[in-house]
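The lines below spell out each chain.
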Amino acid sequence: MIRVIILMFITLMFSSCNSSWSIGSFELSPQDSMYTFLEVMDQDSTSHFYADKVRINSDNWCFTHNQWESVKEHE
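Per-chain numbering applies: the sequence of each chain, read as written, is numbered from 1 onward. Confidence filtering applies because this is a predicted model: local features only for residues at pLDDT of at least 70, side-chain atom pairs given and counted only at 80 or more, and all residues used for totals across whole chains, interfaces and linings. Hydrogens and waters are ignored; side-chain quantities use all the structure's heavy atoms.

**Q** Please clarify how the overall build of the protein should be interpreted in this entry.
**A** Runs of H or I in DSSP of at least four residues are treated as helices and runs of E of at least two as strands, each being numbered from the N terminus. From N to C terminus, the protein includes one helix and six strands. Put simply, the protein runs from its N terminus to its C terminus through helices and strands in the order α-β-β-β-β-β-β. Put simply, the protein has 75 residues, and 9% of those count as buried. Two residues qualify as a contact provided that any one of their heavy atoms is within 4.5 Å of a heavy atom in the partner residue. For the protein, the proportion of contacts with a sequence separation of at least 24, taken over those separated by at least 6, is 4%. Here the open area of atoms and residues is found with the Shrake-Rupley method and a 1.4 Å probe, where only the protein chains shown may cover a residue. Summed over all atoms, the accessible surface of the protein reaches about 6,900 Å², with 59% contributed by carbon and sulfur. Under the scheme applied here, a residue whose accessible area is under 20% of the maximum for its type counts as buried, over 50% as exposed, and between as partly exposed, the area being computed with a 1.4 Å probe on protein chains only.

Written out as structure tokens, the structure reads:
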């Protein structure tokens, strides 16, 4: 019985191998990212990309310009 389990485990392990990463049955591609980006359009139509969430009246990392930027809400 132990031999059957080990054989099944080895077969399963090697049958699912490929050259890319996967999570469950979802295969990741180079286009996938670990971030969720939010785009913010400035008053002068400049596009800014921030990760995950934008904190108003605080500094946020802008991936477009590779720097910390202060985001303020205009009334």
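**Q** Where do I start with the packing of aromatic side chains in this structure?
**A** Within a pair of aromatic rings, the relevant descriptors are the distance that separates the centres and the angle that separates the planes. Aromatic rings from Phe, Tyr and Trp, with only the six-membered ring used for Trp, were paired whenever their centres fell within 6.5 Å, and each pair was classed as stacked if the ring planes differed by under 30 degrees, edge-to-face if by over 60, and tilted otherwise. The final tally for this structure, using the stated rule, is two aromatic pairs. Look at Phe-37 and Phe-63: their rings are 5.2 Å apart centre to centre, the planes differ by 85°, and that puts the pair in the edge-to-face class. Of the two residues, Phe-37 is situated in strand 3 (residues 37-41) and Phe-63 in the loop between strand 5 (58-62) and strand 6 (67-71); the sequence distance between them amounts to 26 residues. When its relative accessible area of 37% is taken as the criterion, Phe-37 is described as partly exposed. Exposure remark for Phe-63: the relative accessible area of 30% places this residue in the partly exposed category. Consider the rings of Trp-61 and Trp-68, whose centres lie 5.5 Å apart with planes at 75°: the pair is edge-to-face.

**Q** Help me understand the side chain of Asn-60, please; the structure alone is not making it clear to me.
**A** One can find Asn-60 in strand 5. Those residues in contact with Asn-60, other than ones at most four positions away along the chain, are Tyr-50, Lys-53, Val-54, Arg-55, Gln-67, Trp-68, Glu-69 and Val-71.

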